[in-house]
Amino acid sequence: MNVVDTDVAVVGGGAAGLMCAMTAAGRGLRVLVLEGANRVGKKILMSGGGRCNFTNTGTTPEQYLSANPHFVKSALARYTPWHFLELVERHRIAWHEKEAGQLFCDESSKLVVRMLLDECARAGARIETQAAIARVGRDDAGRFELDCRLGRVRASRLVVASGGLSIPSLGASGFGYALAADFGHAVLPTRAGLVPLTLSGRHQERLDGLAGVSLPVEVRCNGRAFADALLFTHRGVSGPAILQISSYWHPGDDLRLDLLPGRDAHALLQAWQRERPAAELRTLLAEALPRRFAQRLAERWLPSRPMRQYPPPELRRMAALLHDWPLVASGTEGYRTAEVTLGGVDTDQVSSSTFESRSVPGLHFVGEVLDVAGWLGGYNFQWAWASGHAAGEAVAS
Ligand SMILES: Cc1cc2nc3c(=O)[nH]c(=O)nc-3n(C[C@H](O)[C@H](O)[C@H](O)COP(=O)(O)OP(=O)(O)OC[C@H]3O[C@@H](n4cnc5c(N)ncnc54)[C@H](O)[C@@H]3O)c2cc1C
């Protein structure tokens, strides 16, 4: 069997793996990236609608979900959005800020992959695609052995950067979790995050036919609130507000929507009653909300009459409903469309500064394979860059 010796083997050529590889190789180590898919960085290519929301300048530990909320602090503080932006600018990639610190490429996310590949090439990191790993073991000297189409790869350090389970068609696999478990690491239960929610039964029927309708809402669940757009889909609801709250929602949890965020619904209803007493509620609602949705509200939740016919208690009840509308979701669309995977390799057994296993020297975990997932808006890539960079420095120290 052909034997390839290297200092560092990185499993997974995604955002975290490529950042780790270029950092470690840049410090003089021999680095070999083993990517299972036919090309690296597929999620980067798909991201941000093809423009890659590569970071968020407002990144703080609060935008991450993990059983240990402190775990992200060290790496995020050491490799900030400004470090990544400096790299982007050095490669003359034009970018723009979309909203609230979200930075996107002007042209294409291909440029981000190109940049990472150029950095890897400059530093001398070797990248092999279609290199799925058949077996992982250790030799007598404690080096890691990985069997793949290259033969047997021997490495003193193994960095697992194989990502989460989201979007299997982009190369996602449970490889990192299985490897972690084989080496005695705990893996916390995984579930889809940043994912559209589905509705069923009468809850779906009541909203049937609204696919494509979008409106600004504030959505609340389990003490979290996100103000952004909601989009009705054929199967349920999506849009940034729903994707964000989906990471905090479990089946059966109460989900509430403010349909008129930032407005006083009671004052609005009173003004309509005063100024347009003969107008039907559904006509007026259609001035404040998308017409099709306003009609549906009037059919199913707020029976429409001329405004003058509503007694004050009913106005108050309607206002309360507009600010606290219950949405009963039955599930999520799952990993097929999820942007991230929640849960994963338990951070308790991993160093937050070197990303090395506390029980298996030389074994590191970076990126989404860990029990860390960020909000929508560039935070997940920032985690991949920061954790990949920290591990890349650590293996070379
Ligand atoms: C459609 C979509 C859009 C997104 N948009 C954004 C965005 O705009 N901004 C943002 O911050 N985040 C975004 N995300 C999330 C972001 O892409 C991920 O959080 C990030 O890519 C995680 O980096 P990673 O390196 O840990 O994993 P990945 O980027 O998933 O990389 C893991 C790599 O490991 C490889 N791999 C898996 N199993 C094996 C194996 N057995 N052997 C070898 N290789 C293997 C995979 O093929 C993949 O290349 C998006 C996600 C999706 C799905």
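Please read all numbers here as calculations on a predicted model, not as lab measurements. (Residues numbered from 1 in each chain as written. Predicted model: local features only at pLDDT ≥ 70, side-chain atom pairs only at ≥ 80, totals over all residues. Heavy atoms only, no water.)

### Things to note about the site of the ligand
Note the threshold: Think of it this way: one heavy atom of a residue within 4 Å of a molecule or strand is enough to make that residue near it. In protein, a polar contact means a hydrogen-donor-capable atom and an acceptor-capable atom, both N or O and within 3.5 Å, with residues adjacent in sequence counting only if both atoms are side-chain atoms; elsewhere, any N or O pair within 3.5 Å suffices. Each accessible area value is a Shrake-Rupley result obtained with a 1.4 Å probe; residue values ignore everything except the protein chains displayed when judging cover. Put simply, DSSP marks the helices as runs of H or I at least four residues long and the strands as runs of E at least two long, and each gets a number from the N terminus on. In this count, Pro and Cys sit with the nonpolar residues alongside Ala, Val, Leu, Ile, Met, Phe, Trp and Tyr, while Asp, Glu, Lys and Arg are called charged and the others, Gly among them, polar.
Taken together, 31 residues form the shell around the ligand, and within it Ala16, Glu35, Ser173, Glu368 and Phe381 come nearest. Measuring from an oxygen atom of the ligand, one finds a backbone N or O atom of Ala15 at 3.2 Å. One of the backbone nitrogen or oxygen atoms of Asn380 is found 3.3 Å away from an oxygen atom of the ligand. Out of a free accessible area of 990 Å², the ligand has 93% covered by protein chains. Only helix 1 (15-26), helix 2 (42-50) and helix 13 (379-395) provide two or more residues apiece to the shell around the ligand. Across the shell around the ligand, the residue classes tally to 13 nonpolar, 14 polar and four charged.

### Topic: the domain arrangement of the protein chain
Where interface size is quoted, it is often the accessible area lost as the parts come together. Note the threshold: Start and end points for every domain follow an automatic or database-based domain assignment. The contact rule is simple, with two residues in contact once any of their heavy atoms fall within 4.5 Å. A simple way to read buried area is as the amount of 1.4 Å-probe accessible surface that goes missing from two parts once joined, with both sides added. Here, a salt bridge means any Lys or Arg side-chain nitrogen found within 4 Å of an Asp or Glu carboxyl oxygen.
The domains assigned to the protein chain are domain 1 (3-192 + 340-395) and domain 2 (197-332). If you look at the interface, domain 1 gives seven residues, while domain 2 gives 12 residues. Interface area, domain 1 with domain 2, both sides summed: about 760 Å², of which 50% is carbon and sulfur. On the domain 1 side of the contact with domain 2, Arg191, Trp375 and Leu376 bury the most area, a combined 62% of that side's loss. The interface formed by domain 1 and domain 2 contains zero salt bridges. In terms of residue class, the side of domain 1 that touches domain 2 is built from five nonpolar, no polar and two charged.

### Digging into the pairing of strand 19 (residues 340-345)
Let me state the cut-off plainly: Here the term buried applies to any residue with accessible area under 20% of the maximum for its type, exposed to any over 50%, and partly exposed to those in between, with areas from a 1.4 Å probe on protein chains only. At least two bridges found by DSSP between two strands is the condition for calling them paired.
Buried residues dominate strand 19, accounting for six of its six residues. Looking at chain direction, strand 11 (residues 187-193) and strand 19 are connected through five bridges and run antiparallel. Looking at strand 19, one finds that Arg191 is bridged to Leu342.

### As for helix 6 (residues 175-182)
Counting along an α-helix, one turn takes 3.6 residues, and residues three or four places apart therefore face a common direction. As a reminder, the rule being used: By construction, the arc corresponds to the directions joining the helix axis to the C-beta atoms.
Considered for burial, the residues of helix 6 that qualify are Gly176, Tyr177, Leu179 and Ala180. Buried residues along helix 6 cover an arc of 165° about the axis, so they all sit on one side. Here the buried face of helix 6 lies against strand 8 (135-138), strand 10 (151-160), strand 11, strand 19 and strand 20 (363-365). Positive backbone phi, approximately 90°, marks Gly184, located one or two places after helix 6.

### Points about the sheet that holds strand 16 (residues 256-258)
Here is the rule: Lines fitted to C-alpha atoms define the axes here, with helix axes fitted over just the stretch in contact, and angles between the N-to-C directions of these axes take values from 0 to 180 degrees.
The strand order across the open sheet formed by seven strands is 17-16-13-14-15-12-18, and the pairing between neighbours is antiparallel. In this open sheet, the two edge strands, each paired with only one partner strand, are strand 17 (325-326) and strand 18 (331-332). For strand 14 (residues 224-232) and strand 15 (residues 236-238), the ladder comprises two bridges, and the chain directions are antiparallel. Counted as the bridge partner of Leu231 is Ser238 from strand 15. Of the strands in this sheet, strand 13 (214-221), strand 16 and strand 17 touch helix 12 (residues 312-323), which is tilted by about 105° from strand 16.

### Considerations on the packing of helix 1 against helix 5 (residues 110-123)
Spelled out, the test is: Note on terminology: angles under 35 degrees are roughly parallel, angles over 145 are roughly antiparallel, angles of 65 to 115 are roughly perpendicular, and the others are oblique. Take the far helix as the reference: if the near one is turned anticlockwise from it by less than a right angle, the crossing is left-handed, and if turned clockwise, right-handed.
Running from amino to carboxyl end, helix 1 crosses helix 5 at an angle of 25°, the nearest separation of the two axes being 8 Å. The angle between helix 1 and helix 5 falls in the class roughly parallel. Helix-helix and strand crossings are classified by hand; for helix 1 and helix 5 the assignment is left-handed. Taken together, the residues of helix 5 that come into contact with helix 1 (itself represented by Leu18, Ala21, Met22, Ala25 and Gly26) are Leu116, Glu119, Cys120 and Ala123.

### Regarding the pattern of salt bridges
Under the definition given, this model contains 26 salt bridges. When the shortest N-O distance is used, the salt bridge between Asp5 and Arg154 registers 3.6 Å. Of this pair, Asp5 sits in strand 1 (residues 3-11) while Arg154 sits in strand 10, and the two are 149 residues apart along the sequence. The exposure class assigned to Asp5 is partly exposed, which follows from its relative accessible area of 37%. Judged by relative accessible area, which is 21%, Arg154 ranks as partly exposed. The residue Arg276 makes a salt bridge to Glu287 at a minimum N-O spacing of 2.9 Å. With a gap of 11 residues between them, Arg276 in the loop between helix 9 (265-275) and helix 10 (281-288) and Glu287 in helix 10 connect regions that are remote in the sequence. Take Arg276: its relative accessible area is 35%, and that puts it in the partly exposed class.

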